[in-house]
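So you can see what is in the structure, the chains are spelled out below.
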Amino acid sequence: MKPWALSFRPLLLWMLLPWPGTGQFQVKTPRSLFITQVREAAVLPCHLSPPTDAQNMEIRWYRDHQSALVHEYRNSQDHMEQQSLEYQGRTELLRENITQGQVALRIHPILPKDEGQYSCVFVRSTHVGQAQFELLVAASGAPPHIHIQPADTEGIILTCSSSGWYPDPELQWRDPQGQPLSPDSETRSEQGDGLIHVESSVTMTKSSKAAVSCWIGNPVLREEKEARLSVAERIYRFGRKGQKEDPQFAEDIIVDEDTAHPQLSVSDGGKRVEYLSKE
């Protein structure tokens, strides 16, 4: 075989291989994790590399390994016929830069059930590319509220409650030094809107510290809310008979008159408490 033929064969093979950019592309997303708060809008971007006009491509968004079709674009327009019912009326494909292969899906308002694994899929002729990422949903609940009621034995029961959290918040009772106290009970329940209501109780006795706080934190947002309560020594002395609080302790505690236990009579701006006998 002649020498020039040997050098021509690799050149011919190279010419027969697909040229980069002729129908081949990768789908990318700027990051693998997005965090959006409940009731706000999530904007989930994807782009093609190298930049490629995607106007005539099919673009689909799925959640949880294609179990739910979130949004579909084909023939240069949106198609909602097969869209999952839970997303209807809440999605929009942002395609101002679609000629550069840049698009984004906007979901509004975000709900707790929107949390999950998402994928954006681009299709052109026989080539398919996709990118995956995770959407975390979070909500910061209401400031904790501490409710006071007398215990069956000598002491009082403090109940801390708060609603509107997602995901499950962390809740702790803490003493004046910030050390955790063991609760008597704790309950968590899902509200109608998918958010979490949490409630925890602790019993304070004479040996307990005079000040306590109820701390609630969102592990995703890293946001904390706290309610503090200074418990007067005299409040432990509720008896079977009605008894007014000693003035020297009257300013140590503020009791919410609207939410106080029915057997507590609250007066003087929440600074005076009287136990009402069942008799």
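That block above? That's the structure.
Reference entry: report on the structure contained in this document. (Residues numbered from 1 in each chain as written. Predicted model: local features only at pLDDT ≥ 70, side-chain atom pairs only at ≥ 80, totals over all residues. Heavy atoms only, no water.)

In this section: the state of the cysteines. In total, this model carries 2 disulfides according to the counting rule given. Residue pairing for Cys46: its cysteine sulfur links by disulfide to Cys120, the two sulfurs lying 1.9 Å apart. Residues Cys46 and Cys120 share a disulfide whose torsion about the S-S bond is about -90°; that sign makes it left-handed. Pair noted here: Cys46 is in strand β3 (residues 42-49) and Cys120 is in strand β9 (residues 116-124), with a separation of 74 residues, a long-range link. Judged on exposure class, the residue Cys46 and its partner Cys120 are both buried. Shown here for the protein is a disulfide pattern of 1-2, 3-4, where each number marks a bonded cysteine counted in sequence order. (Disulfide = S-S within 2.5 Å. Helix = DSSP H or I, 4+ residues; strand = E, 2+ residues; numbered from the N terminus. Buried < 20%, exposed > 50% of the residue type's maximum accessible area, 1.4 Å probe, protein only.)

Turning to the side chain of Thr29, a few remarks are in order. With respect to the helices, strands and loops of the structure, Thr29 is situated in the loop between β1 (26-28) and β2 (33-37). Within the structure, Thr29 has its side chain in polar contact with the backbone oxygen of Pro45 (distance 3.0 Å). Other than its neighbours up to four places away in sequence, Thr29 contacts Phe34, Pro45, Cys46, His47, Ala131, Gln132 and Phe133. (Polar contact = N/O pair within 3.5 Å; in protein donor to acceptor, adjacent residues only side chain to side chain. Contact = heavy atoms within 4.5 Å.)

If you walk through the whole model with that rule in mind, you get 3 aromatic pairs. With a centroid separation of 5.2 Å and 70° between ring planes, the pair formed by Phe34 and Phe133 is classed as edge-to-face. Pair noted here: Phe34 is in strand β2 and Phe133 is in strand β10 (residues 127-138), with a separation of 99 residues, a long-range link. Of the residues examined, Phe34 reaches a relative accessible area of 4% and is grouped as buried. (Phe/Tyr/Trp six-rings, centres within 6.5 Å; stacked < 30°, edge-to-face > 60°.)

On to the pairing of β9, then. Burial analysis of β9 places 7 of its 9 residues in the buried class, which makes it a mostly covered element. Across 6 bridges, strand β4 (residues 58-63) lies against β9 in antiparallel orientation. Within the sheet, the bridge partner assigned to Trp61 lies in β9 and is Cys120. Two elements, β9 and β10, share 9 bridges in a ladder whose sense is antiparallel. Paired with Gln117 across the bridge in β10 is Glu134. (Pairing = 2+ DSSP bridges.)

Attention now moves to the sheet that holds strand β14 (residues 180-181). Ordered by their spatial adjacency, 4 strands build an open sheet running β14-β13-β17-β18, and the pairing between neighbours is antiparallel. Looking at the sheet topology across the chains shown, the edges are occupied by β14 and β18 (223-230). Taken together, the 8 bridges between strand β17 (residues 211-218) and β18 define a ladder with antiparallel strand orientation. Bridge pairing links Asn218 to Glu223 in β18.

Let's shift gears to the pattern of salt bridges. Per the counting criterion, the structure on display carries 11 salt bridges. Among the salt bridges present, the one from Arg60 reaches Glu72, with a minimum N-O distance of 3.4 Å. Note that Arg60 is positioned in strand β4 and Glu72 in strand β5 (residues 68-74), a separation of 12 residues in sequence. The pair Arg60 / Glu72 is uniform in exposure class, with both members buried. Between Arg74 and Glu72 there is a salt bridge, and its shortest N-O distance comes to 3.0 Å. The class for Arg74 is partly exposed, based on a relative accessible area of 24%. Its relative accessible area of 8% is what places Glu72 among the buried residues. (Salt bridge = Lys/Arg side-chain N within 4 Å of Asp/Glu carboxyl O.)

Our focus in this paragraph is the nonpolar core. Counting residues in each nonpolar core, the largest one holds 48 residues, and the members touching the most others are Leu44, Trp61, Phe122, Leu158 and Trp173. Excluding its chain neighbours within four sequence positions, the residues that come into contact with Phe122 are Phe25, Val27, Cys46, Leu48, Ala54, Met57, Glu58, Ile59, Val103, His127, Val128 and Gly129. (Core = buried A, V, L, I, M, F, W, Y, C linked by side-chain atoms within 4.5 Å.)

Look at the link from His108 to Pro109: it is a cis peptide, with omega at -5°. Locating Pro109 in the fold gives a position in the loop between β8 (102-107) and β9. In this structure, the amide linkage connecting Tyr166 to the following residue, Pro167, adopts the cis form with an omega of -5°. If you trace the backbone, Pro167 turns up in the loop between β12 (156-165) and β13 (170-174). Phi at His65 takes a positive value of approximately 55°, unusual for a residue other than glycine.

Attention now goes to the pairing of β4. The side chains of a regular strand alternate, first on one face of the sheet and then on the other. β4 sits mainly inside the fold: 5 of its 6 residues count as buried. Bridging between β4 and β5 involves 5 bridges; their strand directions are antiparallel. Bridged to Ile59 within β5 is Tyr73. The turn joining β4 and β5, which pair antiparallel and follow one another in sequence, is formed by 4 residues; a positive phi near 55° is taken by Asp64.

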